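# Report on the structure
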Amino acid sequence: MDFIGFPGVPLPIYITNRSHIFISATVKAVLTFTAISVAALLQACSESPQPITAENIKTVSVREIDNVDYFEAIQLPGITDTKSQSQLSFGVDGTVSSVRVDIGTQVHAGDMMASLDQEPYRLALENARSESERARVTFEEAKKNYERLTSLRARNLASAQDLDASKSTYENARASLRDTQSRVRLAERDLSKTVINAPYDGMVSGRRIEPFEEVTANQVAFTFDGAGAGIVESSVPETLAMRLQNRNDPEISVNHRGRSFRASVAHLSRRANEGLDFPVKLQIDATDEELPSPGLVVSVTYRIPEEGNIALVPHGAVVVAPVDGAPFIYRYDQETGTVSRTRVTIINSGTQGYWVKNDLTNGDLYVAAGAAFISDGQRVRPTGADQ
């Protein structure tokens, strides 16, 4: 009986002449798997990395950046007014004698608008003048007597007591004359207050008196709007007020019923209304015929220029960083064919895209569409470029 020994096998396997023993199937499978694995490993080590081909370079839309002058438009309501507005009244009590104007009447400076019954005030003036004339005569007599006694006293022909009495009479007469003259001027003034005259060119916007009506002094008779440059009264929030104070060239327009007028800041308050907004008066640059009527609600548009490079880019060009939420676009480098992130600030959004502040210059290329499907440093192919 012969035997064959295998390394690593502790016991020999005996083979007889009448029977055959083969190696088990399990040993064969192990040997086969080991051989295949070694061959695959050797083949993998000998291969080079797979090259980048046209099939794995993404196609994107690329455009040139076009920075423009951008204005932030803010719309707020306002009310038209006139540069000069007055409430006119009689300066004395009386009965309305005549009313010559009504609402909407255009008048010129000095035109009579209404008057009171003047007879009581004419009589008072005549009486004051009569008293003043009597006081003047008394004063002239006292003056002459005082001058005569002064001359006599100088020659020692009149006593000191007579001169003092004459002087006292003279001074009293002079004071009485001045008093009556003041009464004349007051009576003349009262008579003039029985008439309302237009203080300047303008239009009657309100009438509150009727003929034969009893009125009192300073009772409002007319509301009067002066002609001239139109005014819009409005208010602005604190942020806009600060920008109006710091800039001398904001573009302001007043819009009403399809018409637009240029305007400028006439007055800007430094004090807020109840801590909310700041009153502002705008002056409309237009002729009197073109101005909207006072008291109308209008729309005021403030166009504030934005500093820096501002461009309109499509919505698909802007990507938001997942970590800090900062928006960016991809700049495209023609030489390398790669893209790189460029931070932007979104100023405004519209139907056509985002207005963004950026660090690019006109002519620089950026990815306008497909930016959400690429990454920083990736190679891309512009739409329409050769394969």
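See the structure above.
Residues numbered from 1 in each chain as written. Predicted model: local features only at pLDDT ≥ 70, side-chain atom pairs only at ≥ 80, totals over all residues. Heavy atoms only, no water.

A few words on the side chain of Asn 358. With respect to the helices and strands, the residue Asn 358 is situated in strand E24 (residues 353-358). Of the polar contacts made by the side chain of Asn 358, one reaches the backbone oxygen of Val 356; its length is 3.5 Å. Those residues within four positions of Asn 358 in sequence are excluded, and the remaining contacts are Ile 65, Asn 67, Asn 309, Ile 310, Ala 311 and Val 344. (Helix = DSSP H or I, 4+ residues; strand = E, 2+ residues; numbered from the N terminus. Polar contact = N/O pair within 3.5 Å; in protein donor to acceptor, adjacent residues only side chain to side chain. Contact = heavy atoms within 4.5 Å.)

As a rule of thumb, non-glycine residues mostly have phi less than zero, and peptide bonds are mostly trans rather than cis. Phi at Asn 156 is positive, roughly 60°, even though this residue is not glycine. Of note in this structure, Asn 218 is not a glycine but carries a positive phi near 70°. Here Asn 218 lies in the loop between strand E12 (214-215) and strand E13 (220-226).

Take the packing of aromatic side chains next. Inspection of every chain in the model, using the stated rule, returns five aromatic pairs. Ring centres of Tyr 70 and Trp 355 lie 5.0 Å apart, and the angle between their planes is 45°; this geometry places the pair in the tilted category. Of this pair, Tyr 70 sits in the loop between strand E4 (67-68) and strand E5 (71-82) while Trp 355 sits in strand E24, and the two are 285 residues apart along the sequence. Overall, the relative accessible area of 24% leaves Trp 355 in the partly exposed class. Measuring from centroid to centroid gives 5.3 Å for Tyr 200 and Phe 224, while their planes differ by 40°, and the two rings are tilted. Of this pair, Tyr 200 sits in the loop between strand E10 (195-197) and strand E11 (202-207) while Phe 224 sits in strand E13, placing them 24 residues apart in sequence. In this structure an aromatic cluster arises from ring pairing among Phe 139, Tyr 146 and Tyr 170. The side chain of Arg 303 reaches across the aromatic face of Phe 71, ending 4.3 Å from its centre. (Phe/Tyr/Trp six-rings, centres within 6.5 Å; stacked < 30°, edge-to-face > 60°. Buried < 20%, exposed > 50% of the residue type's maximum accessible area, 1.4 Å probe, protein only. Lys NZ or Arg CZ within 6 Å of the ring centre and 35° of its normal.)

Let's shift gears to the sheet that holds E13. Pairing in this open sheet of four strands is antiparallel, and the strands run E6-E13-E11-E8 from one edge to the other. Each edge of the sheet is formed by a strand with only one pairing partner; in this case those strands are strand E6 (85-89) and strand E8 (106-107). Where E6 lies against E13, five bridges are found, and the strand directions are antiparallel. When the sheet's bridge partners are listed, Gln 87 is paired in E13 with Thr 223. (Pairing = 2+ DSSP bridges.)

By secondary structure assignment, the location of Ile 374 is in the loop between strand E25 (365-369) and strand E26 (380-382). Given the relative accessible area of 8%, Ile 374 is considered buried. Put simply, Ile 374 and Thr 59 are 315 residues apart on the chain and 9.7 Å apart in space, counted from C-alpha to C-alpha. In this view, Ile 374 contacts Lys 58, Val 60, Tyr 330, Val 339, Val 367 and Val 380; residues no more than four positions away in its chain are not counted.

A general trend in soluble globular proteins is that nonpolar side chains are found buried together. If you look at the biggest cluster of nonpolar residues, it comprises 24 residues, and the most contacted ones within it are Phe 90, Val 96, Met 113, Ile 196, Ile 209, Phe 222 and Phe 224. Among the secondary structure elements, those contributing two or more residues to this core are strand E7 (94-99), strand E9 (112-116), helix H2 (119-154), helix H3 (160-192) and E13. Aside from chain neighbours lying at most four places away, what touches Phe 222 is Ser 86, Gln 87, Leu 88, Val 99, Val 101, Met 113, Ala 114, Ile 196, Val 204, Gly 206, Arg 207 and Ile 209. Of all hydrophobic cores here, the second largest spans 19 residues; its members include Val 236, Ala 241, Leu 244 and Leu 291. (Core = buried A, V, L, I, M, F, W, Y, C linked by side-chain atoms within 4.5 Å.)

Here we come to the pairing of strand E18 (residues 297-305). As defined by bridge partners, E5 adjoins E18 across nine bridges and the pair is classed as antiparallel. In the sheet register, Leu 76 faces E18, and the bridge partner there is Val 300. Pairing between strand E15 (residues 251-256) and E18: five bridges, direction antiparallel. The partner of Ile 252 across the bridge, within E18, is Tyr 302.

Looking now at the packing of H2 against H3. Their axes nearest at 7 Å, the elements H2 and H3 cross at an angle of 160°. Put simply, H2 runs roughly antiparallel to H3. When you trace H2 past H3, the crossing you get is left-handed. Tallied by class, residues from the contact of H2 with H3 come to 17 nonpolar, nine polar and twelve charged. (Axes fitted to C-alpha atoms, helices over the stretch in contact; angles between N-to-C directions. Parallel < 35°, antiparallel > 145°, perpendicular 65-115°, else oblique. Left-handed = near helix turned anticlockwise from the far one by under 90°. Nonpolar A, V, L, I, M, F, W, Y, C, P; charged D, E, K, R; others polar.)

Further remarks concern the sheet that holds strand E19 (residues 309-313). Taken in spatial order, the four strands make up an open sheet running E4-E19-E24-E23, and their pairing is antiparallel. Looking at the sheet topology across the chains shown, the edges are occupied by E4 and strand E23 (345-350).

To continue, consider helix H4 (residues 238-246). Listing the buried residues of H4 in full gives Leu 240, Ala 241 and Leu 244. Down the axis of H4, the sector holding all buried residues measures 105°, keeping them to one side. When the buried face of H4 is taken as reference, the exposed residues oriented beyond 90 degrees from it are Thr 239 and Asn 246. Contact partners of the buried residues in H4: E5, strand E14 (230-237), strand E16 (259-268), strand E17 (277-284) and E18. (Arc of directions from axis to C-beta.)

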